[in-house]
Amino acid sequence: MRTYNNLHAAPPKKFKDIRDLFRTSAEAFGDKARYQYREDGHLKEYSYNELWRDIQSFATYLMNSSLAGKRIAIIGDTHPMWVVAFNAIICSGCVAVPLDKELEMDQIIEFMKIADCSAVVYTECFNKRFTERIDDLDFLKRLIVIKPETEDTSSPKIRSMARCLANGASRMADGDTSFEDFVIPMDDMCALLFTSGTTGTSKGVMLSHRNLHTAANACCQCTRYDSKDSNVSVLPIHHTFELTTMHIAASNLGMTTYINESIRYATRNFKEFKPTLLVLVPLFLETIHKKIWETIRKKGIEKKVRSAMKISDALLRTGVDMRSKFFSEITDVFGGRLKSVIVGGAPLDPQIIKDFYSFGITVLQGYGITECSPLISVNVPGKVSFDTVGQPVTDCEVRIEQMEGCAEGEGEILVKGGNVMMGYYENPEATAEVFTDDGWFRTGDIGRMDKKGYITITGRKKNVIIASNGKNVFPEELEERLSKIPEIKESVVLARTDKNTGDIIITALIFPDVEVVGEDFDHEKVCDTIKSGITQINKTLPSYKHINKFEVRDEEFEKTPSKKIKRFLLK
């Protein structure tokens, strides 16, 4: 357990629903920049007042159009108008359907049909793609483009966002109070999000106003940030983790968000904008961590840095913090002001968390799932436990259901609370499967919880390997160990069956780190090095967990937009 940097943050303001959150934020923070972003080569600012004004205008337009009460898809790059669209849709009695911009057009169209969408709001990167497929979109009443290519539209169905905003603003100026008068039904569906996968395997997660309100409130209550803080938005905005934390909860806290131009320019944007907070997935942080140590080794100062870390850690325990002086060159990678990083979505090596703490950056590891809006637990400032994903957030209960083949106290993680979804869209069978008779949601994740409520994730139920002796082997545990071999960038551990004996063969699929082995690496030599590393790993494990075989790949694993490896593609 370590003490977190005392940020002396102001208590978060209370809000009764998402509409109230944005209204009170405009009242509290006014012309302060909510967003900073680059468009057409220019740095632009978009204030809290402008955000609330446009949410009201777009909502008023929707409520007085043929789209009132309908389902509306949103897709594209992170942009202030994406945020306007989402919040106006959910707060006006419509249902928002955020879609992954990395999907193929056929999948996008199919998802909109499944969700029974009447319209789509999209950013500039989809202008041409939707125009070219306009004949396939006959089921839509409106296509609302945030930034048209030209003033003229190519179809009577297409409307510019600016035109919709002007329509709503004009109605409000004439006395229309439909948005203000609307009573938000807290237990009605307001968002429909599809889990990753193809249209055939994805499930539609139905979230209510209460779900989003509970999650956003928990995010504000379980952190120590306020209007003095700032962040850079890096993750895809359609992802619930990014949407709930960085675009809803952060608005309640008065933060300014810089919208990252692309993942390639992330570190450049960090240095320019100098955030105090980042929300990332583990892969991003792991990559930066690895590059930091590679640079240190190339300079031949690893022994010196590790010695400085020991001295700094010892001083910190006595209340003397010298980290900013000792490790400023390292923290400058993030702009020099970064105090904490919230990480979720996959397991993170505790050693990485410890190293960043020594450098002066606290990593707050959390745990969530789309079905829980998505927050379940997080390490709270002031009582961080490096080896866990923290304690349950506000208004969320967690218990462990013992599983056969697991150690005592280990099993499936079950959740109950206002953050838990309504169910899966038009799929009562799948909904029934994930809820217990007494209303607990089955996450499908395996873990344990200590007496203080700290949760440790040990694996994913659907990934578990049943060894020949009947015991459970969690691939995630082995993959974490493999990640410590310098020559390995990514790995996936899976089970194969010996055709002759029927025995389970635990196999590791490995993609080497080109920056370590070189682009024209000696395949045989790299395999020998990896084999040696795996032998050392096996010596520390019981025989039923041994990695029996490995294969080195020439290409990276295919991933989701949130940088999770698509395991279902691997055999």
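Each remark here, short or long, concerns the structure printed above.
Quick look at the structure, then. Values in this document were obtained by computation on a predicted structure and should not be read as measured data.

**Description of the overall build of the protein chain**
Thinking step 1. In terms of regular secondary structure, the protein chain is built from 19 helices and 26 strands.
Thinking step 2. Since a compact globule built from 571 residues should have a radius of gyration of about 25 Å, the 25 Å found for the protein chain is in line with a globular shape.
Thinking step 3. Counting only C-alpha atoms and orienting by the principal axes, one finds that the protein chain spans roughly 75 × 60 × 50 Å.
Thinking step 4. Taking all 571 residues of the protein chain together, the buried fraction comes to 54%.
Thinking step 5. Roughly 25600 Å² of accessible area belongs to the protein chain as shown, and the carbon and sulfur atoms make up 48% of that amount.
Thinking step 6. Distance between charge centres in the protein chain, computed from 76 positive and 80 negative side chains, equals 5 Å.

**Quick notes on the sheet that holds strand 20 (residues 441-449)**
Thinking step 1. Ordered by their spatial adjacency, four strands build an open sheet running 17-18-20-21, and the pairing between neighbours is antiparallel. Because the sheet does not close on itself, it has two edges, and the strands there are strand 17 (396-402) and strand 21 (455-460). On average, adjacent strands in this sheet sit at an angle of 50 degrees to one another, irrespective of strand direction.

**Overview of helix 4 (residues 105-114)**
Thinking step 1. For helix 4, the complete set of buried residues consists of Met-105, Ile-108, Ile-109, Phe-111 and Met-112. On an axial view of helix 4, the arc spanned by its buried residues comes to 160 degrees, and they lie on one face.
Thinking step 2. Next to the buried residues of helix 4 lie strand 3 (71-75), strand 5 (117-122), helix 5 (127-132) and strand 8 (189-194).

**As for unusual backbone geometry**
Thinking step 1. Going from Ser-373 to Pro-374, the amide bond is cis rather than trans, its omega being -5 degrees.
Thinking step 2. Residue placement: Pro-374 occurs in the loop between strand 14 (362-368) and strand 15 (375-378).
Thinking step 3. Backbone geometry at Ser-373 places phi at a positive 70 degrees, although glycine is not the residue there.
Thinking step 4. Positionally, Ser-373 belongs in the loop between strand 14 and strand 15.

Criteria and thresholds
- Residues numbered from 1 in each chain as written.
- Predicted model: local features only at pLDDT ≥ 70, side-chain atom pairs only at ≥ 80, totals over all residues.
- Heavy atoms only, no water.
- Helix = DSSP H or I, 4+ residues; strand = E, 2+ residues; numbered from the N terminus.
- Rg over C-alpha atoms; globule rule 2.2 N^0.38 Å.
- Buried < 20%, exposed > 50% of the residue type's maximum accessible area, 1.4 Å probe, protein only.
- Areas by Shrake-Rupley, 256 points an atom, 1.4 Å probe, with all protein chains shown as cover.
- Lys, Arg positive; Asp, Glu negative; His and termini not counted.
- Charge placed at Lys NZ, Arg CZ, Asp CG, Glu CD.
- Pairing = 2+ DSSP bridges.
- Axes fitted to C-alpha atoms, helices over the stretch in contact; angles between N-to-C directions.
- Arc of directions from axis to C-beta.
- Contact = heavy atoms within 4.5 Å.

All quantities given are derived from atomic positions and should not be read as evidence of function.
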